[in-house]
Amino acid sequence: MKVKKIIHFDMDYFYAQVEQRDNPSLIGKPVGVGSDNPRRGVLCTCNYEARKFGVKGAMPTFIALKKCPQLILIKPAFKKYKEASETIFNIFKQYTNLVQGISLDEAYLDVSHITDRYASRVAKEIQEKVKRETGLTGSVGVSYNKLLAKIGSEMNKPYGYCVLPPDRISERIKNFPVEWISGVGKVTTEKMHRQGIKTFGDLQMKTKLDLINDFGNFGPKLFNYSRGIDHREVEPHRERKSLSVERTFSENYYEEKKLEPWLRECFNEMALRLDVFDSKLIKNIFIKIKYADFSQTTIERAMSEFTFENFLNLFQERFQVKPEAVRLIGTGVKFYSHRPKQLMLPCVAT
Ligand code: TTP
Ligand code: CA
């Protein structure tokens, strides 16, 4: 089988870097991008200076400020991020048609057809071109599959560059932590740690059957991934099926009146994100409610008009059924399939 050449590209602290580029007085200071409402807001992301204090994307603003009181908060300006995103995706497309966008700032590129130079050379060229044309840095990983290309792009961030060639790969990745595997999130990581599985090497010691017993359908993938085997293709037209925004509260709320402003905040953020895309492609709208007892409910309706009132009605309908203490609320939309466009990651609160 012919060895593929895959590049994973991911911009560094994307929203925060754009803000820093446009206001150089922020350079060297801890910066967070997100809602500046210290009681209710959530961060989309932050720069590396802020990360030194333990601040992270998706963290409630009040926690971020506790960890780093001198954090400079900036409201997101999605239009600027979308512009930078378009520039980088145009650069990617100068190299290959096989570009799979994962979010505004992240993509896989299959450059197997470029045979006159190494994929590592192509990756460097792209990285430099992105820097020249946007003034922003991104990190690249180069390998022969998606799993390893993505790991490579994360290894030396920011402005990182890493090539993982196939020779002796399962040996060389033995000490990588399990959480670097695509699809291994917080819950799976914790489950693995409880079983003493911390690294790719630990997974390599398990049989496929062990992994199926413990992790179900994900088992065979884990068996392969831990050995650096990944057959997933770069899928240029893969679509995102939905977009949602949610908020977790620092205290529980019982009253509809108190919940309404939060619902509006979710709606507004979603509207901001959607104007970038084509809101005519929305099929359904939905509301998510998580109660203090951690039970969760969603209600979904065919889209008539994208208005706050429609979301509010839907919320009221569901909340009347169980008017109890709420810890999280969310609004979302589902799209018709065959959308040609890219979607960004929601700025989630959980
Ligand atoms: P990420 O690539 O996850 O993060 P990042 O680019 O800020 O930082 P890193 O250097 O670690 O790659 O997300 C890209 C952008 O998407 C980020 O700048 C802000 C936005 N985003 C949200 O709005 N909400 C989220 O929950 C996440 C994870 C990202
Ligand atoms: Ca990024």
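Reading the values: rules and limits
- Think of each chain on its own: its residues are numbered from 1, step by step along the sequence as written.
- In the order they appear in the text, chains get letters beginning with A and ligands get numbers beginning with 1.
- pLDDT decides what is reported in this predicted model: residues at 70 or higher carry local features, side-chain atom pairs at 80 or more are listed and counted, and totals for whole chains, interfaces and linings draw on all residues regardless.
- Hydrogens are left out, water is left out, and the side-chain values use all remaining heavy atoms of the structure.
- It suffices for a single heavy atom of a residue to lie within 4 Å of a molecule or strand for the residue to be listed as near it.
- Polar contacts here mean pairs of N or O atoms no more than 3.5 Å apart (in protein, one a potential hydrogen donor and the other a potential acceptor; neighbouring residues in sequence count only if both atoms are side-chain atoms).
- A helix here means a DSSP run of H or I that spans at least four residues, while a strand means a run of E at least two residues long, and both kinds are numbered starting from the N terminus.
- Classification used: nonpolar for Ala, Val, Leu, Ile, Met, Phe, Trp, Tyr, Cys and Pro, charged for Asp, Glu, Lys and Arg, polar for all others including Gly.
- The pairing criterion is simple: DSSP has to find at least two bridges between the two strands.
- Only the stretch in contact is used when fitting a helix axis, every axis being a line fitted to C-alpha atoms; angles between N-to-C directions are given from 0 to 180 degrees.
- Note on terminology: a nonpolar core comprises buried Ala, Val, Leu, Ile, Met, Phe, Trp, Tyr and Cys residues joined through side-chain atoms within 4.5 Å.
- Accessible area is worked out with a 1.4 Å probe on protein chains only. A residue is then buried under 20% of its type maximum, exposed over 50%, and partly exposed in between.
- It only takes one pair of heavy atoms within 4.5 Å for two residues to be counted as in contact.
- Orientation is classified from the angle alone, with under 35 degrees giving roughly parallel, over 145 giving roughly antiparallel, 65 to 115 giving roughly perpendicular, and any other angle giving oblique.
- Should the near helix be turned counterclockwise from the far one by less than a right angle, the crossing is left-handed, whereas a clockwise turn marks it as right-handed.

Visitor: It is not clear to me how the site of ligand 1 should be interpreted in this structure. Could you clarify?
Guide: Close to ligand 1 lie 16 residues; Tyr13, Tyr15, Thr45, Tyr48 and Arg51 are nearest. At a separation of 3.0 Å, an oxygen atom of ligand 1 approaches a polar backbone atom of Phe14. Tyr48 has a polar side-chain atom sitting 2.7 Å from an oxygen atom of ligand 1. Secondary structure elements with two or more residues in the shell around ligand 1: strand S1 (6-11), helix H1 (14-22), strand S3 (43-46) and helix H2 (48-51). Looking at the shell around ligand 1, its residues break down into nine nonpolar, one polar and six charged.

Visitor: What is the right way to read the sheet that holds S3 from this model?
Guide: Across a sheet, paired strands are connected by hydrogen bonds in the backbone, their directions being either parallel or antiparallel. Judged by pairing direction, the sheet is mixed, and its three strands sit side by side in the order S3-S2-S4 without closing on themselves. Since the sheet does not close on itself, it has two edges, and those belong to S3 and strand S4 (72-74), each with one partner. The average undirected angle you get between the axes of adjacent strands in this sheet is 25 degrees. Two strands pair when backbone bridges link them, and strand S2 (residues 31-34) and S3 are joined in this way by three bridges, in the antiparallel orientation. Looking at S3, one finds that Gly34 is bridged to Leu43.

Visitor: Looking at this model, I keep getting lost on the nonpolar core. Mind explaining?
Guide: Core analysis: the biggest nonpolar cluster contains 32 residues, and Ile7, Phe14, Tyr15, Tyr81, Phe92, Leu109 and Ile126 have the highest contact counts within it. Secondary-structure elements contributing two or more residues to this core are S1, H1, helix H4 (78-95), strand S6 (106-110), helix H5 (119-134) and strand S7 (138-143). The biggest single contributor to this core is H4, with eight residues. When residues no more than four places from it in sequence are discounted, the contact partners of Ile7 are Ala107, Tyr108, Leu109, Val111, Ala119, Val122, Ala123, Ile126, Val140, Gly141, Val142 and Ala149. The next biggest cluster of nonpolar side chains, apart from the first, holds 27 residues, and it includes Phe249, Tyr253, Ile329 and Val333.

Visitor: Is there a simple way to explain the packing of helix H10 (residues 208-215) against helix H11 (residues 218-225) in this structure?
Guide: To describe two helices that pack against each other, one gives the angle between their axes and the distance between the axes. Put simply, H10 and H11 touch, their axes get as near as 7 Å, and they point 135 degrees apart. The angle between the axes of H10 and H11 places the two elements in the oblique class. The crossing of H10 and H11 is right-handed. Contacts between H10 and H11 pair Lys208, Leu211, Ile212 and Phe215 from the former with Phe218, Gly219, Pro220, Leu222 and Phe223 from the latter.

Visitor: Before we go on, may I ask you to explain the pairing of strand S11 (residues 296-302) in this structure?
Guide: Looking down a regular strand, the side chains alternate between one sheet face and the other. In the sheet, strand S10 (residues 282-291) pairs with S11 via seven bridges, with the strands oriented antiparallel. Across the sheet, the residue bridging to Ile285 is Arg301, located in S11. Here S10 folds back onto S11 in antiparallel fashion, the turn holding four residues, of which Phe294 has a positive phi close to 70 degrees.

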